[in-house]
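Coordinate analysis (summary)
So you can see what is in the structure, the chains are spelled out below.
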Amino acid sequence: MCQVDEEYNGQLDHRVTPRVSKKCVKCKENTTVLIIRAGDAFCRGCFKEYFIHKFRAMLGKNRVIFPGEKVLLAVSGGPASSSMLSQVQEGLSRDAPKKLRFVPGIIYIDEGGASGQSMEERKRAVAQLESVFRATNYHYHIVHLEQVLSLPSSVLEAGSSATGKPPTGSSYKAAVDHLIPTRKNQNQHPDLSVENAQSHLSNLSMQEVQNGVTSPITPEHTQALKRLFASVRTPTAKEDLLHTLRHTLCIELWQQQLCHFEMLLCSQGFSDPRHGDVVIVRPMRDYSSKEIAYYNRMFDIPSVFIPGLDSKAQDKASIQRLTESFVTKLQTDFPSTVSTIYRTSEKLHTACPPQNTNTQLSAKCLLCVCALDTKLGESHCQCTKMASHHGNGLYSLNKNTRHFVLKRVVFFI
Amino acid sequence: MVSLLSLYLGGGAELLFGSVKEHHVTLPNQSEPWDMKQLLVWIRGNMLKERPELFVQGDTVRPGILVLINDADWELMGELEYELQDKDNVVFISTLHGG
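I will try to describe carefully the structure that is included in this document. (Residues numbered from 1 in each chain as written. Chains lettered and ligands numbered in written order. Predicted model: local features only at pLDDT ≥ 70, side-chain atom pairs only at ≥ 80, totals over all residues. Heavy atoms only, no water.)

Some points on helix α9 (residues 219-230) of chain A
Residue and element names in this part refer to chain A.
- With 12 residues, α9 should cover 16 Å at 1.5 Å per step; its first-to-last C-alpha distance of 16 Å lies within 8% of that length.
- All buried positions along α9 are accounted for by Thr222, Ala224, Leu225, Leu228 and Phe229. Projected down its long axis, α9 shows its buried positions confined to an angular sector of 160°, all on one face. In α9, the exposed positions that point more than 90 degrees away from the buried face belong to Pro219, Glu220 and Ala230. (Helix = DSSP H or I, 4+ residues; strand = E, 2+ residues; numbered from the N terminus. Expected span 1.5 Å × (residues − 1). Buried < 20%, exposed > 50% of the residue type's maximum accessible area, 1.4 Å probe, protein only. Arc of directions from axis to C-beta.)

Re the sheet that holds strand β6 (residues 72-73) of chain B
- Spatial ordering of the open sheet is given by β2-β1-β7-β5-β6 (chain B), a layout of five strands whose pairing is mixed. Each end of this open sheet is capped by a strand with a single partner; those strands are β2 (22-25) and β6 of chain B.
- The sheet contact formed by strand β5 (residues 65-69) of chain B and strand β7 (residues 89-94) of chain B spans five bridges and is antiparallel. Of the residues in β7 of chain B, the one forming a bridge with Val67 of chain B is Phe92 of chain B.
- Contacting β1 (5-10), β5, β6 and β7 of chain B, helix α11 (residues 289-298) of chain A crosses the sheet at an angle of about 40° to β5 of chain B.
- The sheet strands contacting helix α1 (residues 36-46) of chain B are β1, β2, β5 and β7 of chain B, and the helix crosses β7 of chain B at an angle near 65°. (Pairing = 2+ DSSP bridges. Contact = heavy atoms within 4.5 Å. Axes fitted to C-alpha atoms, helices over the stretch in contact; angles between N-to-C directions.)

With respect to the pattern of salt bridges
Residue and element names in this part refer to chain A.
- The full count for this structure, using the stated rule, is 17 salt bridges over all chains.
- Residues Glu239 and Arg321 are paired through a salt bridge, measuring 3.0 Å at the closest nitrogen-oxygen approach. One end of the pair, Glu239, is in helix α10 (residues 235-255); the other, Arg321, is in helix α12 (residues 319-333), and 82 residues separate them in sequence.
- Its relative accessible area of 15% is what places Glu239 among the buried residues.
- We note a salt bridge from Glu324 to Arg321, for which the minimum N-O separation is 3.1 Å. Residue Glu324 and its partner Arg321 are located together in helix α12, separated by three residues, close to a single helical turn. Arg321 carries the same exposure label as Glu324, and that label is buried.
- Each of Glu239, Asp310, Arg321 and Glu324 takes part in a single network of salt bridges with overlapping partners. (Salt bridge = Lys/Arg side-chain N within 4 Å of Asp/Glu carboxyl O.)

Following this line, the structure appears as structure tokens:
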């Protein structure tokens, strides 16, 4: 048994460099170019097939995408979301066997206001991304994180998007039928019906939705956002807040019917029933960051690196960085670490509270849409006192956003 | 002898090198062949502009940085022991916090 004072005297094994054969594990013919997992070496061609197949399998496993359905892709410009975008293009292309059949749109959130970038840097990043989006021919929306501070009050009503009911099969079908204009063509010419849907969408977009950048922001908006982040003390909380605001903004866009999508595809975040009708799927979850980086490099997938809140941060700067550093280091010596964590996490399920139409919608946190503990009592008062102590930053925001932020503070405690 | 190497930095690693992604370097002559371990030391001393601990840790690269030599995973080439050849292409891609 392990004891504190036990001497090992060199009995510990050092990590053995995996002895991989030079031939691909799949085709056994071509020279290997990449090792993934704990010793599986692939050649270039087999790796590409494996990568593409995994994406399709992930979407197929969910069985929630109906033909012609509108799917919103959340793209940050980073490697995972850029890879996701290219996989969607690959899947929708005419050459693909078992072609994917849905109508994609792209959303990009400019977070430069929160991460301290200058307007010039932000414009440059947006311009680079716009050229990537234009090359896809999909409709795209570029929004600024500042917009989350000027949410209309109707959107601030928690759960207003949802009737509280999870989508049923029949309501999905009805939504799809509504989308595809010539239903009778659907069975005869499925490709035609998707094209009809796409041209219908493009007509809509010219009249109603401006493709491209939504309303411009003012320096005051950016200042308000900076004050919000400055009022959050720790880097961990800042990253968490950023993540939540990003998510909230995507959902807001959906609620405003600016782009009516049934599904959100993103490379981070998780899928759960809090947001009512919209289904969130993370098809890139199955990939290791090494696989994504290698694929992007080998197959020239354009991605734009945009420095964020956590760039150049030390390992111990935040819980997120510490966790990443811990797992990455462990992975170096024990290559099964990430896949084990991932498989274990798949066994966890979110608790889904019983859907109750009488649920008080106002009792939910505006940001994370979880139930507030309204029985906080005295501690609740402590929180609001602390919030006011945090600064003028909170009080100089408009009434709605102050309400918004205070609720967040309450929830943290 | 190694005279010319092309280096590429991606995924944010370029931030540590003055935001320049592509570099062409000529390594100084020496009697023994250059290997990756020596290259890292050389990069640390001659090219890194800031925060070396975000790129190199100990003898090797920081965990989370993918290294490719001539478009192949360096784990297949011997990692630090790989002996560099003239006109080799070495790529460092940071896979940390990748969105």
